[in-house]
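So you can see what is in the structure, the chains are spelled out below.
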Amino acid sequence: MKILAIIASPRGMHGNTGRLLDEVLAGVEKSGAETEILSLKTLNVLPCVACDVCHKTGFCNINDDYEVIKEKLLACDGFILASPNYIFSVTAQMKALFDRCNGLIHCMALEGKYAAMVETSGGGGDDEVLSYLSRFTNTLGANSVGGVGSPIAGVRTFPDEENLYAKARNLGQELCQSIKDKRVYTGQDGFREEFKLRMSGLVDMMKEYWPFEREYWSKKL
Ligand SMILES: Cc1cc2nc3c(=O)[nH]c(=O)nc-3n(C[C@H](O)[C@H](O)[C@H](O)COP(=O)(O)O)c2cc1C
């Protein structure tokens, strides 16, 4: 089993979010899964330029690291999205990646995969960011197994650290168990079904212009 962790802090794994992600990954490793960390600090993911090439061909034309990340997302069993809270949302690095995933979203190409969320903040608002990360996961077609988030208590420290780290390690194990059990998250089905109708409808409306996505949906439905 392969779990891919994407961390979007400009501090890479050396910041607060990296510290919390370490605990989630400890849970993943305890379950026997293989892990890989992709840090957007060192990878180059430029903003989407709305050229629509991905919708037409299935590939992005921008020459940077996005296609490598995309292939790794398509190949993994589960993934972890980790970001600090930047103004009630994710970092610009993470948002750039999300926008570049537009083609994957149109195809809901990660259907059947599972994901966990990690967030840290200076002073709170954690649930808002975790639920955004979760919704993004659902738009890709994947299941969100849950998230862990916390304000900090100092550099790479958190209030009630023992409980937080136990929760984080448990989340890593839950992620792997969900994959093993092919767990069904019925609470997310409504959103996903509605989103599926929306995406398949959009691609149908644009069928003359977006041949790759038209083909994708004709095989999927
Ligand atoms: C540009 C910027 C914006 C931030 N916005 C918020 C915010 O809106 N709310 C909050 O609680 N903390 C905010 N913070 C604090 C970070 O979320 C917090 O320090 C986080 O733990 C940093 O994680 P890192 O060390 O992994 O980068 C912000 C920090 C920066 C640099």
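Our structure is the block above this text.
Here goes a summary of the coordinates provided. Every value quoted in this text rests on a predicted model; they were computed, and no experiment measured them.

Definitions and cut-offs
Residues numbered from 1 in each chain as written. Predicted model: local features only at pLDDT ≥ 70, side-chain atom pairs only at ≥ 80, totals over all residues. Heavy atoms only, no water. Near = heavy atom within 4 Å. Areas by Shrake-Rupley, 256 points an atom, 1.4 Å probe, with all protein chains shown as cover. Helix = DSSP H or I, 4+ residues; strand = E, 2+ residues; numbered from the N terminus. Nonpolar A, V, L, I, M, F, W, Y, C, P; charged D, E, K, R; others polar. Core = buried A, V, L, I, M, F, W, Y, C linked by side-chain atoms within 4.5 Å. Buried < 20%, exposed > 50% of the residue type's maximum accessible area, 1.4 Å probe, protein only. Contact = heavy atoms within 4.5 Å. Pairing = 2+ DSSP bridges. Right-handed = clockwise from strand over helix to strand, strands pointing away. Salt bridge = Lys/Arg side-chain N within 4 Å of Asp/Glu carboxyl O. Disulfide = S-S within 2.5 Å.

Glancing now at the site of the ligand. Taken together, 16 residues lie around the ligand, and S9, R11, T17, N85 and T120 are the ones closest in. Expressed as a share of its isolated accessible area of 650 Å², the protein-covered part of the ligand is 73%. Secondary structure elements with two or more residues in the shell around the ligand: α1 (16-30) and β4 (114-121). Counted by class, the shell around the ligand contains 5 nonpolar, 10 polar and 1 charged residues.

Turning our eyes to something else, we now look at the nonpolar core. I6, F79, L81, M94 and L97 are the most contacted members of the largest nonpolar core, which has 38 residues in total. If you list the elements that add at least two residues to this core, you get β1 (2-7), α3 (66-75), β3 (78-84), α4 (92-100), α5 (102-107), β4, α6 (126-139) and α8 (186-205). With 4 residues, α6 is the largest single contributor of residues to this core. Excluding residues that lie within four positions of it along the chain, F79 makes contacts with L4, L73, L110, K113, Y114, A115, A116, T137, L140, A142 and L175.

Moving on to the pairing of strand β5 (residues 143-151). The side chains of a regular strand alternate, first on one face of the sheet and then on the other. Bridge count for β4 against β5 is 8 bridges, and the pairing is parallel. When the sheet's bridge partners are listed, E119 is paired in β5 with G149. Each parallel crossover has a hand, and the one from β4 via α6 to β5 is right-handed.

Take the pattern of salt bridges next. Overall, the coordinates contain 15 salt bridges when judged by the stated rule. Taking the shortest distance from any N to any O, the salt bridge between R100 and D64 comes out at 2.7 Å. Of this pair, R100 sits in helix α4 while D64 is found in the loop between α2 (53-57) and α3, placing the two residues 36 residues apart along the sequence. Residue class for D64 comes out buried when judged on its relative accessible area of 14%. One continuous salt-bridge network, built from bridges that share partners, spans K2, E34, E36 and K72.

For the rest of this paragraph, the subject is the state of the cysteines. Working definition: the covalent bond between the sulfur atoms of two cysteines is a disulfide. Counting across every chain of the model gives 0 disulfides. Here C48 stays unpaired: no disulfide links it, and the sulfur of C54, its closest cysteine neighbor, is 6.6 Å away. The cysteine C107 is free of any disulfide, with C54 supplying the nearest cysteine sulfur at 8.6 Å. Residue class for C107 comes out buried when judged on its relative accessible area of 2%.

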